[in-house]
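# A look at the structure
The primary structure of each chain is shown beneath.
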Amino acid sequence: MRAYTNDELISPVTNQELADWLRLDDDTDPLLPVMTVTATQAVVDYLQRDLLPRNWVLVHEDWPTVSPTRRYSDVTFDFTCFNRVIELPYAGAISVDTVMVYGEVTTEYRLLDSLPSKLKFHYQATTSSDDVPAITVAYTAGMGATASDIPQAIKTAITMTAAFLYEHRGQCTAEDALKDSGAAASIQSFRVRAGLVV
């Protein structure tokens, strides 16, 4: 399974907001946009949720199984090991654009109201192909359409992380900055992990 996006990461925190937090005279320091985007990526990775809308593609080369040690070739007539529900990484509020099963577009699924978002298929695949992936899903992930839709706690966490990175540049990683600034603790309630909100 792999999920990827080619869309640029946009921070819901502006350079001016970070400059104000740091009490800088203006927002012209070229490090400010680097810090806001780096901090935003750290928060997205921590939350396991995208913030502003980005297009994603999820690819399962084989039909997902309940047990990672059992593959399609391991079973003959017993299809109980196949999942009909798959998670969409980094997805909360989303839209599903296209779902393909073995190269054919399908509408035989429904989007479950869950966090992370999940697709439930109305059937289980009984054929396989080495030529195309078993499942390909094109979807949009994000918490809101604009920066004003992102909860203030998350924007503050990004600002805290970016400020910590700015003040300690070259001395810490983004992950360390997220924790050491106190930002991680402030957004714990928004975090998604392994199909659960923790």
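## Let's talk about the sheet that holds strand β6 (residues 109-112)
If you trace the three strands from one edge of the open sheet to the other, you get β3-β7-β6, paired in antiparallel fashion. If you trace the sheet from one side to the other, it starts and ends with β3 (85-87) and β6, each paired once. Taking each pair of neighbouring strands and ignoring which way they run, the sheet shows an average axis angle of 25 degrees. Taken together, the four bridges between β6 and strand β7 (residues 118-121) define a ladder with antiparallel strand orientation.

## Looking at the packing of helix α1 (residues 15-22) against helix α3 (residues 152-167)
Relative orientation of the contacting elements α1 and α3 amounts to 65 degrees, with a least axis distance of 10 Å. Classified by chirality, the crossing of α3 by α1 is right-handed. Counting all contacts with α1, which are made through Leu18, Trp21 and Leu22, the residues of α3 involved are Thr156, Thr159, Met160, Ala162, Ala163, Tyr166 and Glu167. Of the residues in the contact of α1 with α3, the class split is seven nonpolar, two polar and one charged.

## A short note on the sheet that holds strand β8 (residues 135-142)
The sheet built from five strands is open, its strands ordered β1-β2-β8-β4-β5 with antiparallel pairing. Of all the strands in the sheet, just β1 (2-4) and β5 (104-105) have a single pairing partner and so form its edges. Across seven bridges, the pairing between strand β2 (residues 54-60) and β8 is antiparallel. Note on β8: the bridge partner recorded for valine 57 is alanine 138.

## Observations concerning the side chain of threonine 159
Following the sequence through the fold, threonine 159 ends up in helix α3. At 2.9 Å, the side chain of threonine 159 forms a polar contact with the backbone oxygen of lysine 155.

## Some words on the nonpolar core
Val43, Leu51, Leu88, Phe121, Val137, Tyr139 and Ile154 are the most contacted members of the largest nonpolar core, which totals 51 residues. With sequence-adjacent residues up to four places away left out, isoleucine 154 is seen in contact with Val43, Leu47, Leu51, Met143, Ile187 and Phe190.

## Describing the side chain of threonine 36
Topologically, threonine 36 is positioned in helix α2 (residues 31-47). The class of threonine 36 is buried, set by a relative accessible area of 3%. Within the structure, the side chain of threonine 36 is placed 3.0 Å from the backbone oxygen of proline 33, a separation counted as a polar contact. Not counting residues up to four positions away in its chain, the partners in contact with threonine 36 are Ser11, Val13, Thr14, Asn15, Leu18, Ile158 and Ala162.

Cut-offs used in this document
Residues numbered from 1 in each chain as written. Predicted model: local features only at pLDDT ≥ 70, side-chain atom pairs only at ≥ 80, totals over all residues. Heavy atoms only, no water. Pairing = 2+ DSSP bridges. Helix = DSSP H or I, 4+ residues; strand = E, 2+ residues; numbered from the N terminus. Axes fitted to C-alpha atoms, helices over the stretch in contact; angles between N-to-C directions. Left-handed = near helix turned anticlockwise from the far one by under 90°. Contact = heavy atoms within 4.5 Å. Nonpolar A, V, L, I, M, F, W, Y, C, P; charged D, E, K, R; others polar. Polar contact = N/O pair within 3.5 Å; in protein donor to acceptor, adjacent residues only side chain to side chain. Core = buried A, V, L, I, M, F, W, Y, C linked by side-chain atoms within 4.5 Å. Buried < 20%, exposed > 50% of the residue type's maximum accessible area, 1.4 Å probe, protein only.

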